[in-house]
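Read off the chains here:
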Amino acid sequence: MNAVDEFDEFYRDTSRRLARYAYGLTGDVADAQDLVQEAYARAWQRWRRLSGYEDQEAWLRLVVNRLSADRWRRIGVRRARAAAEPPPQPAAPPSEDTVLLIRAMRTLPTAHRRALALHYLLDRSVAEIAAETGASTGTVKSWLSRGRAGLAATLGVEREPEGVRDAR
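Here the residue numbering is sequential within each chain, running from 1 through the sequence in written order. With pLDDT at 70 or above as the cut-off, local features in this predicted model cover only qualifying residues; side-chain atom pairs require 80 or more to be listed or tallied, and sums for whole chains, interfaces and linings still use all residues. With hydrogens and water set aside, each side-chain value is computed from the structure's full complement of heavy atoms.

Asks: Quick question: what am I supposed to make of the overall build of the chain here?
Replies: In DSSP terms, a helix is any run of H or I states spanning at least four residues, a strand is any run of E spanning at least two, and both are numbered starting from the N terminus. Tallying secondary structure elements over the chain gives 8 helices and 0 strands in all. In the chain, the order of α-helices and β-strands from amino to carboxyl end is α-α-α-α-α-α-α-α. Relative to its length of 168 residues, the chain is extended, with a C-alpha radius of gyration of 30 Å against a globular reference of 15 Å. Projected onto its principal axes, the C-alpha coordinates of the chain cover approximately 85 × 45 × 25 Å. Partly exposed residues are those whose accessible area sits between 20% and 50% of the maximum for their type, while under 20% is buried and over 50% is exposed, using a 1.4 Å probe and protein chains only. The buried share of the chain, reckoned over its 168 residues, is 27%. The contact rule is simple, with two residues in contact once any of their heavy atoms fall within 4.5 Å. Partitioning the intrachain contacts of the chain with sequence separation of at least 6 by distance along the chain shows that 57% fall at a separation of at least 24. Only C-alpha atoms enter the radius of gyration, while the globule expectation follows 2.2 Å times N to the 0.38, with N the number of residues.

The structure is reproduced here in structure tokens:
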């Protein structure tokens, strides 16, 4: 049997037990899976030497133990560092205008809302919006126009004169 087949068989025979063991150490399935994956990656790198050991699974458990201890140590360092830093300043609440605008945007159809957000928030041109959405430039212009009209109606704002349009 070649090294790949030997390692595959070793993995099939031991992976479930090692996952249960790692879960017992960490109490978290995702963390346990990460530890087991890392342990097997290290075992594969050393498989020539490790295959000669009497109890390869014991070596894997030792690796999982050390990885788990390192994980807990890193968590402790992060907590200590976070505790030493002053708490972040609370974010300022949104302005009344922002709240009104968001409420008005929610009344628009999705296509209009998306076009307005792409155009005004991400500074995309009509052509770029058309390419991203798969719509024609005329359709995008219509969405923008109707979206602005819907916002104006909802917010009670007079519309700008018909000759003033943003058709970048």
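Asks: Is there a simple way to explain the side chain of Arg71 in this structure?
Replies: Relative to the elements of secondary structure, Arg71 occurs in helix H4 (residues 56-84). Given a relative accessible area of 13%, Arg71 falls into the buried group. Excluding its chain neighbours within four sequence positions, the residues that come into contact with Arg71 are Thr26 and Asp31.

Asks: What is the right way to read the nonpolar core from this model?
Replies: We define the nonpolar core as a collection of buried residues of types Ala, Val, Leu, Ile, Met, Phe, Trp, Tyr and Cys that are connected through side-chain atoms lying within 4.5 Å of one another. In this structure, Leu18, Tyr40 and Leu60 are the most contacted members of the largest nonpolar core, which totals 17 residues. Breaking this core down by element, the ones donating at least two residues are helix H1 (3-26), helix H2 (29-45), helix H3 (47-50) and H4. Not counting chain neighbours up to four residues away, the residues in contact with Leu18 comprise Val36, Ala39, Tyr40, Leu60, Arg61 and Val64. Ranked by size, the runner-up nonpolar core spans 14 residues in total, among them Leu108, Ala115, Ala135 and Trp143.

Asks: Mind showing me how you'd approach the packing of H2 against H4 here?
Replies: Where H2 meets H4, the closest approach of the two axes is 9 Å, and the angle between their N-to-C directions is 130°. Judged by the angle between their axes, H2 and H4 are oblique. Viewed along their axes, H2 and H4 form a crossing whose handedness is right-handed. Between H2 and H4, the residues in contact are Asp31, Leu35, Glu38, Ala39, Tyr40, Arg42 and Ala43 and Trp59, Leu60, Val63, Val64, Leu67, Ser68 and Arg71, respectively. Taken together, the residues that form the contact of H2 with H4 break down as 9 nonpolar, 1 polar and 4 charged. Under this scheme, a helix contributes an axis fitted over its contacting stretch, all axes are lines through C-alpha atoms, and angles between N-to-C directions fall in the 0 to 180 degree range. Here roughly perpendicular refers to angles of 65 to 115 degrees, roughly parallel to angles under 35, roughly antiparallel to angles over 145, and oblique to all remaining angles. Crossings are classed by handedness, with left-handed meaning an anticlockwise turn of the near helix from the far one by less than a right angle and right-handed meaning a clockwise turn. Residues are grouped as follows: Ala, Val, Leu, Ile, Met, Phe, Trp, Tyr, Cys and Pro are nonpolar; Asp, Glu, Lys and Arg are charged; every other residue, Gly included, is polar.

Asks: What is the right way to look at the packing of aromatic side chains in this model?
Replies: The description of two aromatic rings rests on the distance between their centres and on the angle between their planes. Stacked, tilted and edge-to-face pairs are distinguished by plane angle, under 30 degrees for stacked and over 60 for edge-to-face with tilted covering the rest, among Phe, Tyr and Trp rings (Trp via its six-membered ring) whose centres lie within 6.5 Å. This structure, assessed with the given rule, holds 7 aromatic pairs. A centroid spacing of 5.1 Å and a plane angle of 35° characterise the contact between Phe10 and Trp47, whose relative ring orientation is tilted. One end of the pair, Phe10, is in helix H1; the other, Trp47, is in helix H3, and 37 residues separate them in sequence. Residue Phe10 is classed as buried on the basis of its relative accessible area of 9%.

Asks: What am I meant to see in H2 here?
Replies: Three or four residues apart is the spacing at which side chains of an α-helix point the same way, because the helix has 3.6 residues per turn. The span you would expect from a helix comes to 1.5 Å times its residue count less one. Taking 1.5 Å of rise per residue, the 17 residues of H2 would be expected to cover 24 Å, and the 24 Å separating its terminal C-alpha atoms lies within 8% of that figure. Here H2 has its buried residues at Ala32, Leu35, Val36, Ala39, Tyr40 and Ala43. One side of H2 carries all its buried residues, which in axial view fall inside an arc of 130°. Away from its buried face by more than 90 degrees, H2 exposes Gln33, Gln37 and Gln45. Directions are taken from the helix axis to each C-beta atom, and the arc is the one they span.

Asks: Teacher, can you tell me more about a negative patch on the surface here?
Replies: Put simply, a patch holds well-exposed residues, over 30% relative accessible area, that have no salt bridge, with like charges counted together within 9 Å and Val, Leu, Ile, Met, Phe, Trp or Tyr side chains within 5 Å. Only the protein chains shown count as cover for residues, with accessible areas throughout obtained via the Shrake-Rupley method and a probe of 1.4 Å. Salt bridges are identified by distance alone: a Lys or Arg side-chain nitrogen within 4 Å of an Asp or Glu carboxyl oxygen. Positive residues here are Lys and Arg, negative ones are Asp and Glu, while His and the chain termini are left out of the count. The location of each charge is read from NZ of Lys, CZ of Arg, CG of Asp or CD of Glu. On the surface, a cluster of negative charge is contributed by Asp5, Glu6, Asp8, Glu9 and Asp13. Among the secondary structure elements, Asp8 is positioned in helix H1.

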